[in-house]
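Geometric and topological summary
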Amino acid sequence: MAHDDDQGLFRLIISSILAVHRTEPRFERLMLHASLEGHELAVMHRNQIMASIGVRFHEYIERRQKCGALRDGDPRSIIFAVVGMAQFYGMQKYMYQCLEPLPSDEEITGAFTAILMDGMRSTKKKGKC
């Protein structure tokens with residue numbers, strides 16, 4: 001974030017989410033179950049993540065939008081896109097153990113990052129960031 005490396009940040013977030021799914025699939029299943037059952041544990045976990053990472057990511061996106069580096073739009077939607085792609089892929093590969101051959105985590109991280117950057121990159125520049 002300090003270097004305004006949008007692509008690097010998206011890549012880091014995606015690869016971190018996939019690493020958790022790969023190394024802690026039981027924890028991800030527990031959080032999914034707790035969430036589906038309305039258990040307080042899931043809410044507490046989500047709030048901790050949002051308090052520590054989500055708020056900073058939201059502020060980063062707003063800052064990068066103001067200087068024209070990222071396309072205008074609701075920062076929450078961007079966060080859902082970044083996290084959602086990685087979460088869904090991680091669930092398919094590690095939780096549900098998809099039987100069809102899937103790309104490696106590194107390959108899918110590159111693909112998702114490219115999709116995000118192509119969709120998020122602003123077509124206009126407002127000035128130096």
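To keep things clear, this report deals only with the structure shown in the data block.

Cut-offs applied
Every chain is numbered independently, its residues counted from 1 as its sequence is written. Only residues with pLDDT of 70 or above have their local features reported here, since the model is predicted, and side-chain atom pairs are shown and tallied only from 80 upward, although totals for entire chains, interfaces and linings are computed over all residues. Here the side-chain values reflect all heavy atoms present in the structure, with hydrogen atoms and water set aside. Note on conventions: DSSP H or I runs of at least 4 residues are helices, E runs of at least 2 residues are strands, and numbering of each starts at the N terminus. Three exposure classes are used, based on accessible area relative to the maximum for each residue type with a 1.4 Å probe and protein chains only: buried under 20%, partly exposed in between, and exposed over 50%. The criterion used for residue contact is that any of the two residues' heavy atoms lie within 4.5 Å. Working definition of accessibility: Shrake-Rupley area with a 1.4 Å probe, residue cover restricted to the visible protein chains. Axes here refer to lines fitted to C-alpha atoms; in helices the fit is confined to the stretch in contact. Angles between the N-to-C directions go from 0 to 180 degrees. Whether a crossing is left-handed or right-handed is set by the direction in which the near helix is turned from the far one by less than a right angle, anticlockwise for left-handed and clockwise for right-handed. Residues are sorted three ways: Asp, Glu, Lys and Arg are charged, Ala, Val, Leu, Ile, Met, Phe, Trp, Tyr, Cys and Pro are nonpolar, and all the rest, Gly among them, are polar. Any Lys or Arg side-chain nitrogen located within 4 Å of an Asp or Glu carboxyl oxygen qualifies as a salt bridge. Note on angle classes: values under 35 degrees are labelled roughly parallel, values over 145 roughly antiparallel, values of 65 to 115 roughly perpendicular, and the remainder oblique.

A separate point is the overall build of the protein chain. When helices and strands are counted, the protein chain shows 5 helices and 0 strands. For the protein chain, the N- to C-terminal ordering of α and β elements is α-α-α-α-α. With respect to the principal axes defined by its C-alpha atoms, the protein chain has extents near 45 × 35 × 20 Å. When the 129 residues of the protein chain are sorted by exposure, 32% land in the buried category. Considering only residue pairs separated by 6 or more positions, the protein chain has 72% of its internal contacts joining residues 24 or more positions apart. If you sum the accessible surface of the protein chain, you get close to 8300 Å²; carbon and sulfur atoms cover 58% of it.

The subject of this paragraph is the packing of helix α2 (residues 25-36) against helix α3 (residues 40-66). At a minimum axis distance of 7 Å, the contact between α2 and α3 shows a crossing angle of 115 degrees. The chirality of how α2 crosses α3 is left-handed. Across the interface between the two elements, Phe-27, Leu-30, Met-31, Ala-34 and Ser-35 of α2 pack against Leu-41, Ala-42 and His-45 of α3. Of the residues in the contact of α2 with α3, the class split is 6 nonpolar, 2 polar and no charged.

Take Pro-75: it is sitting in helix α4 (residues 75-95). A relative accessible area of 8% means that Pro-75 is categorised as buried. Residues Pro-75 and Asp-4, spaced 71 residues apart in sequence, show a C-alpha to C-alpha distance of 16 Å.

So, about the pattern of salt bridges. Scanning all chains against the criterion turns up 7 salt bridges. Put simply, Asp-4 and Arg-64 hold a salt bridge, and the shortest N to O gap is 3.7 Å. Residue Asp-4 is found in the segment before α1 (6-23), and its partner Arg-64 is found in helix α3; the two are separated by 60 residues along the sequence. With a closest N to O distance of 2.8 Å, Asp-6 and Arg-64 form a salt bridge. Taken together, the positions of Asp-6 in helix α1 and Arg-64 in helix α3 put the pair 58 residues apart, joining distant regions of the chain.

This paragraph deals with the packing of α1 against α4. Two elements in contact, α1 and α4, have axes whose closest approach is 9 Å; the angle formed by their N-to-C orientations is 30 degrees. Overall, the two elements α1 and α4 adopt an arrangement that is roughly parallel. With respect to the hand of their crossing, α1 and α4 are arranged in right-handed fashion. The segment α1 lies against α4, with Phe-10, Ile-13, Ile-14, Ile-17, Leu-18, His-21 and Arg-22 engaging Ile-78, Val-82, Val-83, Ala-86, Gln-87, Tyr-89, Gly-90, Met-91 and Tyr-94. In terms of residue class, the contact of α1 with α4 is built from 12 nonpolar, 3 polar and 1 charged.

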